[in-house]
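One letter stands for each residue in the lines below.
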2 protein chains.
Amino acid sequence: MITMVIVGTGNVAQQLFTAIAKKKEINIIQVIGRDENKLIPFNNCPNTVTNYEYILESDVYIIAVNDDSIGAVSQHFKNKRGLVVHTSGSMPLSVLPPSVRRGVFYPLQTISKERKTDFDVVPICIEAEKSEDYKVLRKLANAISDQVQIMTSDQRKLVHLAAVFVNNFTNHIYHIGNEICNEAGVPFTILNQLILETAKKATHTPVLNAQTGPAIRNDKLTMQQHLELLDTKDYKDIYSVISNSIQKTHGNKL
Amino acid sequence: MITMVIVGTGNVAQQLFTAIAKKKEINIIQVIGRDENKLIPFNNCPNTVTNYEYILESDVYIIAVNDDSIGAVSQHFKNKRGLVVHTSGSMPLSVLPPSVRRGVFYPLQTISKERKTDFDVVPICIEAEKSEDYKVLRKLANAISDQVQIMTSDQRKLVHLAAVFVNNFTNHIYHIGNEICNEAGVPFTILNQLILETAKKATHTPVLNAQTGPAIRNDKLTMQQHLELLDTKDYKDIYSVISNSIQKTHGNKL
């Protein structure tokens, strides 16, 4: 049995709390948050506090707060014997105090309140400094996920950047598609199948081979017409830089 | 029973041929292609020809050739009584000769040889000039797909542009994610779940609400670090223009 304290009350904290609460191997003994109201979702934890004076002794402390706050918040744990980990993709392990056993527990998933995260399929990227700490993190990660990956801070930073592309940027590209459908007076749902098929393909076949469209065909007339159809400079810019990059990637210089 | 002639031997022609061959309501009586070798996949059609002199009389002629060739190829059908349709998203109906009953039969899907297209779930966008021609196209489309949408040439052009964003551009974004993972020495498959989840979300919830990431949080430090991590000017440009567009969309000016 591993005892755990969760620090933070945001989306990541809530999702971890829900996923871990069901697991026998881990016992969440405390949740710490600055704002009493935000601790309400954690009410079935026996101990919720707003004050760092009352931190319980625990095997693991999971700091699930904003990237900018990890450094300051983790100072409250610098005399603890337990393993102190944060959940950020872009922050290095070294943001935590060197005096503690420190690590990272980064769930590689877009986490939002609207959609429940099924952690079984979310890769958990772990980092630690000692082999016994890796053992604890691996046990923790295995309890909630089927995919656990050891990663250095430098690797994690790159993977987080890749995730920004395939998640955040893709979502904005969908938004542009949605706007264009609105302009056409055609429901965006007409693209559902195409969106799903494109994503599925990327998980099966090399994405380089899956590239299609006017840019890779160097179909200048269609590209010119598309630029004229786009209303805003931002969308035209996005169209141009991505088309240009597709052509360079596939060897057709403009 | 509708009789059909397919013109062209590329991916769209092949996929249509396979999907339609199984349907009792439609009888493919001829396939026309310039190159005899490229007609081999259509060998179980009773009549394959390379010469437009031998076009059979048919209810429908489906011209599934490159966008640039539709105008010229369709000239061979200008004295036919059958319905002449093309399969292009970006070309208007008017590219076909005004002397014929003309229409469009556009399957809204990325079609490639590598992955078999399951037409059941592919929306077919149809356009015609007369109500009786719409009836024929609707019957044809319903035979192979559950989703049929009537669309003008202007609407189709916009929907095709939207498809370029959500399919072609998304695929290139995946490619960039893949390259970054390669640099990190981490398998791209670690992003599979994130890619699928992001796509699924877009088919369920408004994409505008699903936006997350450093740009919408205006997390300047992370964005600066990401730009430094990117190797090429193209990728930096893509990062900047999309982040900028996310911020404008969500009201956080840079």
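Here the structure is a predicted model, which means the values were calculated and not measured.

A. Seen up close, the pairing of strand β4 (residues 60-63) of chain A. Residues and elements named next belong to chain A. Where burial is concerned, the two faces of β4 agree: the one with Val60 and Ile62 and the one with Tyr61 and Ile63 are both buried. With 4 bridges joining them, strand β1 (residues 2-7) and β4 adopt parallel strand pairing. Its bridge partner being in β4, Val5 is matched across the sheet by Tyr61. Inspection of the sheet shows β4 paired to strand β5 (residues 83-86) by 4 bridges, in the parallel sense. By the bridge assignment for β5, Tyr61 is matched with Val84. Assessed by its sense of winding, the connection that carries the chain from β4 through helix α2 (residues 67-74) to β5 is right-handed.

B. Representation of the interface of chain A and chain B. Opposite the 79 residues of chain A that make contact, chain B presents 78 residues. Of all the secondary structure elements, the ones that give two or more residues to the side of chain A that touches chain B are α4 (153-184), α5 (192-204), α6 (207-210), α7 (214-217), α8 (220-229) and α9 (233-249) of chain A. Broken down by element, the residue count for the side of chain A that touches chain B peaks at 26 residues, all from α4 of chain A. Residues belonging to the side of chain A that touches chain B are distributed by class as follows: 38 nonpolar, 30 polar and 11 charged.

C. Region of the structure containing the sheet that holds strand β6 (residues 101-107) of chain B. All names here are of chain B. Taking strand neighbours across the sheet as the criterion, the 8 strands line up as β3-β2-β1-β4-β5-β6-β7-β8 in an open arrangement whose pairing is mixed. Edge strands, defined here as strands with exactly one partner in the open sheet, are β3 (48-49) and β8 (148-150). Across the face of the sheet, helix α3 (residues 131-144) comes into contact with β1 (2-7), β2 (26-32), β4 (60-63), β5 (83-86), β6, β7 (124-128) and β8 while running at roughly 165° to β7.

D. Just the nonpolar core, in detail. Judged by nonpolar contacts, the single largest core of 154 residues is most densely connected at Ile6 and Ile62 of chain A together with Ile6 and Ile62 of chain B. Those residues in contact with Ile6 of chain A that sit more than four places away from it in its chain are Ala13, Leu16, Phe17, Ile28, Val31, Ile62 and Ala64 of chain A.

E. Layout of unusual backbone geometry. Although it is not a glycine, Asn218 of chain A sits at a positive phi angle of roughly 55°. For Asn218 of chain A, the position within the fold is in the loop between α7 and α8.

F. Representation of the domain arrangement of chain A in the model. All names here are of chain A. What the domain assignment reports for chain A is domain 1 (2-151) and domain 2 (156-249). Here domain 1 and domain 2 have C-alpha centroids that lie 35 Å from each other. At the interface, 9 residues of domain 1 touch 6 residues of domain 2. At the level of elements, β6 (101-107) and β7 (124-128) are the ones that each hand at least two residues to the side of domain 1 that touches domain 2.

G. Spotlight on the relation of the copies chain A and chain B. Overlay of chain A on chain B (RMSD 0.1 Å): rotation 180°, translation along the axis 0.0 Å. A rotation of that kind, with that shift, is consistent with a two-fold axis. Ranked by how close their C-alpha atoms come to the rotation axis, the residues of chain A are headed by Thr170 of chain A, at 2.9 Å.

H. Molecular detail of the sheet that holds β6 of chain A. Residues and elements named next belong to chain A. Overall, mixed pairing links the 8 strands, which are arranged β3-β2-β1-β4-β5-β6-β7-β8 in an open sheet. Pairing within the sheet leaves two strands with one partner each, and these edge strands are β3 (48-49) and β8 (148-150). Strand contacts of helix α1 (residues 11-21): β1, β2 (26-32) and β4, with the helix running at about 150° to β2, the strand carrying the most contacts. Here α2 sits on the sheet in contact with β1, β4 and β5, set at roughly 145° to β4.

Cut-offs applied
The numbers attached to residues start from 1 for each chain and follow its sequence in the written order. Labels are handed out in written order, letters beginning with A for the chains and numbers beginning with 1 for the ligands. Local features in a predicted model are, by the rule used here, given only for residues with pLDDT of at least 70; side-chain atom pairs are given and counted only at 80 or more, and totals for whole chains, interfaces and linings are based on all residues. Three exposure classes are used, based on other C-beta atoms lying within 10 Å of a residue's own C-beta, which is placed from the backbone: buried for 20 or more, exposed for 12 or fewer, and partly exposed in between. Numbered from the N terminus, helices here are DSSP runs of H or I no shorter than four residues, and strands are runs of E no shorter than two. Here, any two strands with at least 2 DSSP bridges between them count as paired. A crossover counts as right-handed when, viewed with the strands pointing away from the observer, the path leading from the first strand over the helix to the second turns clockwise. A pair of residues counts as a contact when their C-beta atoms, built from backbone coordinates, are within 7 Å of each other. All residues other than Ala, Val, Leu, Ile, Met, Phe, Trp, Tyr, Cys, Pro, Asp, Glu, Lys and Arg, Gly among them, are scored as polar; the first ten of these are nonpolar and the last four charged. Orientation is described by axes fitted as lines to C-alpha atoms, over the contacting stretch for helices, and by angles from 0 to 180 degrees between their N-to-C directions. Buried Ala, Val, Leu, Ile, Met, Phe, Trp, Tyr and Cys residues whose C-beta atoms connect them within 7 Å together make up a nonpolar core. These domain boundaries are the output of an automatic or database domain assignment. Here the copies were fitted onto each other by least squares, based on C-alpha atoms from residues at pLDDT of at least 70 in both.

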